Amino acid sequence: MPSKAAQLVAQAKEWASQYGPYANGPEGAVLTVPLRVKAAWNDNDADALAALFADNGSMLVGDDQLKGREEIRSYLTTAFQGPFRATQLAEEPLEIRFLTPTVAFAVTQGGLLLDGESKVAPEREVRTTWIITKQDGDWRLVSHQSSPIRG
């Protein structure tokens, strides 16, 4: 049985591998938002996911434009009990660009993994855009929009 330290090192290496080419510096700090969204989604934790948004944040899910933390939390609470139950989020960073020193635009590619899947099915592949802003020393999600790659 691996030691606690070995388990922590393995988890840290796995987590660091998700940063792609943005492991360090300001881009890596911005990328913590999509990674924290992924972690909250994978735990089906609507409260933690909604808390990552700015007060006036928005999230486009399918045809639903969710506005504000409470609307996002409420929608995801229901979705995690229904159609998104036991799903995991796959995200690979493609681009991070600073619009100002405290506002960044990021693009990721991925999608939903259904229970037991290790690769996103082509019909569920999405490209996601993120507008992320630094508020009170922490990066917050202002806008999250995903679009299918295949029509």
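To be clear, the structure that these remarks concern was listed above.
Scoring rules and cut-offs
Residues numbered from 1 in each chain as written. Predicted model: local features only at pLDDT ≥ 70, side-chain atom pairs only at ≥ 80, totals over all residues. Heavy atoms only, no water. Helix = DSSP H or I, 4+ residues; strand = E, 2+ residues; numbered from the N terminus. Contact = heavy atoms within 4.5 Å. Core = buried A, V, L, I, M, F, W, Y, C linked by side-chain atoms within 4.5 Å. Buried < 20%, exposed > 50% of the residue type's maximum accessible area, 1.4 Å probe, protein only.

Caption draft 1: Looking closely at the overall build of the protein. When helices and strands are tallied, the protein shows 4 helices and 6 strands. Listing each helix as α and each strand as β along the protein from the N terminus yields α-α-α-β-β-α-β-β-β-β. When contacts within the protein are restricted to residue pairs at least 6 apart in sequence, those whose partners lie at least 24 apart make up 46%.

Caption draft 2: Inspection of the nonpolar core at higher detail. Grouped together as the largest cluster of nonpolar side chains are 29 residues, with contacts concentrated most on Val 37, Trp 41, Leu 49, Met 59, Leu 76 and Ile 132. Every element with two or more residues in this core is listed here: helix 2 (25–42), helix 3 (46–51), strand 1 (53–61), helix 4 (69–81), strand 3 (88–100), strand 4 (103–113), strand 5 (125–135) and strand 6 (138–148). For this core, the element with the most residues is helix 2, which contributes 7 residues. Contact partners of Met 59, with chain neighbours within four places excluded, come to Trp 41, Phe 53, Asp 64, Gln 65, Leu 66, Ile 72, Leu 76 and His 144.

Caption draft 3: Just unusual backbone geometry, in detail. Positive phi values are uncommon outside glycine, yet Ala 86 reaches one of about 65°. Within the fold, Ala 86 resides in the loop between helix 4 and strand 3. Ala 86 gets classed as partly exposed once you look at its relative accessible area, which sits at 34%.

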